[in-house]
Amino acid sequence: MSELTGLRDDVYRRPLATALLRLGLGPGWRCADVGAGGGDVSVALAEMVGRDGRVYAIDSDPLARDEVARAAAAHAQVIALTQAGEDLSLPEEVDLAFCRFLLLHVHDPAVVVGRMAAAVKPGAWVVAQEPITSAGRIDGRPMSMPDARHPDIGAFLPSLVRQAGLEVIDAWAEAPAGVGPGPVAHYLESLTGVDPGDDPVVLPPLVTVIGRRSGEGDAASSR
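Residues numbered from 1 in each chain as written. Predicted model: local features only at pLDDT ≥ 70, side-chain atom pairs only at ≥ 80, totals over all residues. Heavy atoms only, no water.

### Remarks on the pairing of strand β2 (residues 54-59)
In step 1: Of all six residues in β2, five are buried, a share of seventy percent or more.
In step 2: Sheet topology note: the strand β1 (residues 30-34)/β2 ladder contains five bridges and is parallel. Bridge assignment links Cys31 to a residue of β2, and that residue is Val55.
In step 3: For the crossover from β1 across helix α2 (residues 40-49) to β2, the handedness is right-handed.
In step 4: Strand direction decides the pairing type here: β2 and strand β3 (residues 78-82), joined by five bridges, are parallel. (Buried < 20%, exposed > 50% of the residue type's maximum accessible area, 1.4 Å probe, protein only. Helix = DSSP H or I, 4+ residues; strand = E, 2+ residues; numbered from the N terminus. Pairing = 2+ DSSP bridges. Right-handed = clockwise from strand over helix to strand, strands pointing away.)

In structure tokens, the structure reads:
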């Protein structure tokens, strides 16, 4: 998707693009990027929803507000909010609530998904993307993320979305892989501080789940 040019070097870009294409996200949409971090995804969403849309970039770290402000300086439709996912509260219902690499760090993933489900309009969407860390491999050896509270949360993601009262429309997993210098090795080094050299790398599979809140009409007609 050309609209995601800001994520050109993101090794997990393809599953995000696939999900947004499935939804038909476009001008005028209201979106929430929960766990926005530096704001790369928020900016990509802002470019897609245009000036008539709105993107709430939400992160529990107050410093993220400044990072998002710098990243989204040219996008007035991006509004940065400092909130924990468990306390998610927006000034309006949105067409899309999105998170990626968030639930593995929060205290209670089920509460966060429930908040996201409550934040969207009837007929609108929740998209969550989370890893199965232990399924990643470096030279055949399992990876680990000892600092993550729920390192394999991706394995439970479809059931979490369903338990939040959403219909699971689609779910799949993708794992970027590579050998030698390149985006996969660079991403692994940025994540772990370890250069894999010429060892083959399979990054943790990223599970994507598209959930839909029940209700009359669809996200497009509810705006």
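Now that the structure is up, let's keep going.
### Let's talk about unusual backbone geometry
Excluding glycine, residues mostly carry a negative phi; peptide bonds, for their part, are mostly trans.
In step 1: Of note, the phi angle at Phe101 is positive, near 55 degrees, even though the residue is not glycine.
In step 2: Mapped onto the secondary structure, Phe101 falls in the loop between β4 (94-100) and α4 (109-119).
In step 3: When its relative accessible area of 26% is taken as the criterion, Phe101 is described as partly exposed.
In step 4: Positioned with a positive phi, Asp139 is a non-glycine residue whose angle comes to about 55 degrees.
In step 5: Assignment of secondary structure puts Asp139 in the loop between β6 (137-138) and β7 (141-142).

### Notes on the sheet that holds strand β11 (residues 206-213)
In step 1: The sheet built from seven strands is open, its strands ordered β3-β2-β1-β4-β5-β11-β8 with mixed pairing. One side of each edge strand has no neighbouring strand; the edge strands of this open sheet are β3 and β8 (166-174). The average undirected angle you get between the axes of adjacent strands in this sheet is 15 degrees.
In step 2: Both β8 and β11 contribute to a ladder of eight bridges, which runs antiparallel. The residue of β11 that forms the bridge with Asp170 is Ile210.
In step 3: Sheet contacts for helix α1 (residues 13-23): β4, β5 (120-131), β8 and β11; angle to β8, the most-contacted strand, approximately 150 degrees.
In step 4: α4 contacts β1, β4, β5, β8 and β11 of the sheet and is inclined by roughly 150 degrees relative to β5. (Axes fitted to C-alpha atoms, helices over the stretch in contact; angles between N-to-C directions. Contact = heavy atoms within 4.5 Å.)

### Description of α1
In step 1: Turning to α1, its buried residues are Pro15, Leu16, Ala17, Ala19, Leu20 and Leu23.
In step 2: Those residues of α1 hidden inside the fold are in contact with α2, β4, β5, β8 and β11.
In step 3: The first or second residue beyond α1 is Gly24, which carries a positive phi of 75 degrees.

### A short note on the pattern of salt bridges
In step 1: Taken as a whole and assessed by the stated rule, the structure comprises seven salt bridges.
In step 2: Residue Asp95 is joined to Lys121 by a salt bridge in which the shortest nitrogen-to-oxygen separation is 3.2 Å. With Asp95 in strand β4 and Lys121 in strand β5, this residue pair connects regions lying 26 residues apart in the sequence.
In step 3: Among the residues examined, Asp95 registers a relative accessible area of 0% and is labelled buried.
In step 4: Among the residues examined, Lys121 registers a relative accessible area of 12% and is labelled buried.
In step 5: Of the charged contacts, one joins Arg141 and Asp139 as a salt bridge, the two residues approaching to 3.5 Å between their closest N and O atoms.
In step 6: You can call Arg141 partly exposed: its relative accessible area is 47%. (Salt bridge = Lys/Arg side-chain N within 4 Å of Asp/Glu carboxyl O.)

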